[in-house]
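Remarks on the overall topology
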Amino acid sequence: MNALASFALLTLKSPRDAAHQILARDWPREALWTAFLLSVVLNTCVYTVQKILFPLPPEVLLPRFSPGVYFAMVLILQLCFIAMLSSTGRWLGGQGNLPALLALVTWLQLLQAGLNGAIVVVFLVMPSLAALLNIAANIVVFFILLHFVNAAHRFGSVWRSLGVVLMASMILVFALLFIVGLIGPANLGLPENV
């Protein structure tokens, strides 16, 4: 457990070094997929706890997902995002492959689940501080993601990895909008005029 905590601190302080350590290991395929599923399960657990402790008021027009639906959505979205990071990165001249990005994003998701769990605990004591910590955690996770993509594709420039992340995100958003348009907002529990 101490090794995990120290590696989490290394990731926060020097994401590039942490990425190189992750990429230097030859991870078995089963270990990668098991860790990936664990990260989705942990994020679903944090989401469920947040939903129980801090339910949204009925007037807030946001979809409310059951844990099973949330798990499936996060699983599919993360897999698509990792695939997009791999393909758009190679399109921009990178050398990263799917297993490398899977390993890096999985570790980042595990770290984010831990951060979100800690923020939930802080929210019970000091809600205003927790809101600031949540914003800071999201910025830090995005910063780490840029360094991880940079290390995976061996760009040598965080700006190119920013381009990869933005392109992958835009492709994913357009694909989601297309799917929502096909399914219909009412079937997803969303108002039709949104």
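Counting from 1, residues in each chain are numbered in the order their sequence is written. Two thresholds apply to this predicted model, a pLDDT of at least 70 for residue-level local features and 80 or more for giving and counting side-chain atom pairs, whereas whole-chain, interface and lining totals are computed over all residues. Only hydrogens and water are removed before side-chain values are computed, so all heavy atoms of the structure are retained for them.

1. A few points about the overall build of the protein
As a reminder, the rule being used: Numbering of helices and strands runs from the N terminus; a helix is a DSSP stretch of H or I covering at least four residues, while a strand is a stretch of E covering at least two. Type-normalised accessible area, obtained with a 1.4 Å probe on protein chains alone, sets the label of each residue: buried when under 20%, exposed when over 50%, and partly exposed for intermediate values. Should any heavy atoms of two residues lie within 4.5 Å, those residues are considered in contact.
What the protein contains, in helices and strands, is 7 helices and 0 strands. The helix and strand sequence of the protein, counted from the amino end, reads α-α-α-α-α-α-α. Per-residue burial for the protein yields a buried fraction of 33% across its 194 residues. Considering only residue pairs separated by 6 or more positions, the protein has 68% of its internal contacts joining residues 24 or more positions apart.

2. Side note on helix H3 (residues 29-53)
Rule in force here: Here, expected helix span is obtained from the residue count minus one, scaled by 1.5 Å.
Taking 1.5 Å per residue, 25 residues should reach 36 Å; H3 reaches 36 Å between its end C-alpha atoms and fits that length. Listed as buried for H3 are Leu32, Phe36, Ser39, Val40, Asn43, Thr44, Val46 and Tyr47. Residues of H3 that are buried in the fold lie against helix H4 (67-91) and helix H5 (98-125).

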